[in-house]
Amino acid sequence: FAVRMSYRDLIRCTVSLSDNNTCDWLVEFAGGTERVDGFVRGLGIGDFEVARTEHAMHERLENCYDNWSSPSSMVRLLRSVYSGEVLHGVWLEEFRRSMAATSTGADKLRAGVPAGVELGHKTGHSDRLADGVMIGDNDSGVFSLPDGRRCFVSVFIRDSAESDATNAAMTAEIAAAVYEFVASPRGGDSQ
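K.L.:
Please set out the packing of aromatic side chains residue by residue, giving values where relevant.
P.N.:
Two aromatic rings, taken as a pair, are described by how far apart their centres are and by the angle between their planes. For the structure shown, the criterion picks out four aromatic pairs. Between Y7 and F29, the aromatic rings sit 4.6 Å apart at their centres with planes inclined by 45°, giving tilted as the arrangement. Taken together, the positions of Y7 in helix α1 (residues 7-16) and F29 in helix α2 (residues 20-30) put the pair 22 residues apart, joining distant regions of the chain. Overall, F29 belongs to the exposed group, its relative accessible area being 56%. Plain terms: the ring middles of F143 and Y179 are 5.3 Å apart, the flat faces sit at 50° to each other, and that makes the pair tilted. Of this pair, F143 sits in strand β4 (residues 134-144) while Y179 sits in helix α8 (residues 164-183); the two residues are 36 residues apart in sequence, bridging distant segments of the chain. A single burial state applies to F143 and to Y179, both of which are buried. The rings of Y82, F95 and F152 are connected pair by pair, giving a single aromatic cluster. Here the basic side chain of R8 rests over the ring of W91, its NZ or CZ set 5.6 Å away from the ring centre.

In structure tokens:
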């Protein structure tokens, strides 16, 4: 059967709902993992690799190790996107709306910032290996401070034997500490 979706809907499903199928469709449209990897590297961002599709990671769970990023590289990528360097006009606004509408991970970054704080984020997690270890449990995003500044944050938990709830609580604690620091007078420039 055939499925027809607009790029807008593909972005919304991939970002807001963390849909693996639409993610793979977008990667395919962009020319594959190698091309996506090269594009991000072309932005001057290193310390990451995009080598596998979602489908390939589900076929063999250990393939998840082939896709990786440092938290600081993810923050640099998000800053590039939000600054308009990567997306422009309606597509940048659509991406921002999709990030703000994320319905996954309410117990991660969202739980760490005060209610009412504008947050756009994207969650991700692997399945668990046979020994119960979760290869990755992640949440990356941007929140707005009362003075209008933005703060980008990325929490990546790797090879965790902890429960999903414990991983989420650690992410929320980190988000709360970051928010408390950057929202305080000593927090300085969060951009």
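K.L.:
Lay out the side chain of S80 in plain terms, naming residues and giving numbers.
P.N.:
With respect to the helices and strands, the residue S80 is situated in helix α5 (residues 71-82). According to the relative accessible area criterion, S80 is buried, its value standing at 8%. The contacts of S80, once residues within four sequence positions are left out, are I45, E85 and V86.

K.L.:
Requested: an account of the sheet that holds strand β3 (residues 119-125), with residues and values cited.
P.N.:
The three strands are arranged β3-β4-β5 in an open sheet whose pairing can be described as antiparallel. Because the sheet does not close on itself, it has two edges, and the strands there are β3 and β5 (150-160). On average, adjacent strands in this sheet sit at an angle of 5° to one another, irrespective of strand direction. Across seven bridges, β3 lies against β4 in antiparallel orientation. In the sheet register, T123 faces β4, and the bridge partner there is D139. Along the sheet, α5 contacts β3, β4 and β5; its crossing angle with β5, the most-contacted strand, is approximately 145°.

K.L.:
Run through the packing of α1 against helix α6 (residues 89-100), naming residues and quoting values.
P.N.:
Running from N to C, α1 and α6 cross one another at 35°; their axes reach a closest spacing of 8 Å. Between α1 and α6 lies a crossing whose hand is right-handed. Contacts between α1 and α6 pair Y7, R8, I11, R12, V15 and S16 from the former with W91, E94, F95, S98 and M99 from the latter. In terms of residue class, the contact of α1 with α6 is built from six nonpolar, two polar and three charged.

The rules behind these values
- Residues numbered from 1 in each chain as written.
- Predicted model: local features only at pLDDT ≥ 70, side-chain atom pairs only at ≥ 80, totals over all residues.
- Heavy atoms only, no water.
- Phe/Tyr/Trp six-rings, centres within 6.5 Å; stacked < 30°, edge-to-face > 60°.
- Helix = DSSP H or I, 4+ residues; strand = E, 2+ residues; numbered from the N terminus.
- Buried < 20%, exposed > 50% of the residue type's maximum accessible area, 1.4 Å probe, protein only.
- Lys NZ or Arg CZ within 6 Å of the ring centre and 35° of its normal.
- Contact = heavy atoms within 4.5 Å.
- Pairing = 2+ DSSP bridges.
- Axes fitted to C-alpha atoms, helices over the stretch in contact; angles between N-to-C directions.
- Left-handed = near helix turned anticlockwise from the far one by under 90°.
- Nonpolar A, V, L, I, M, F, W, Y, C, P; charged D, E, K, R; others polar.

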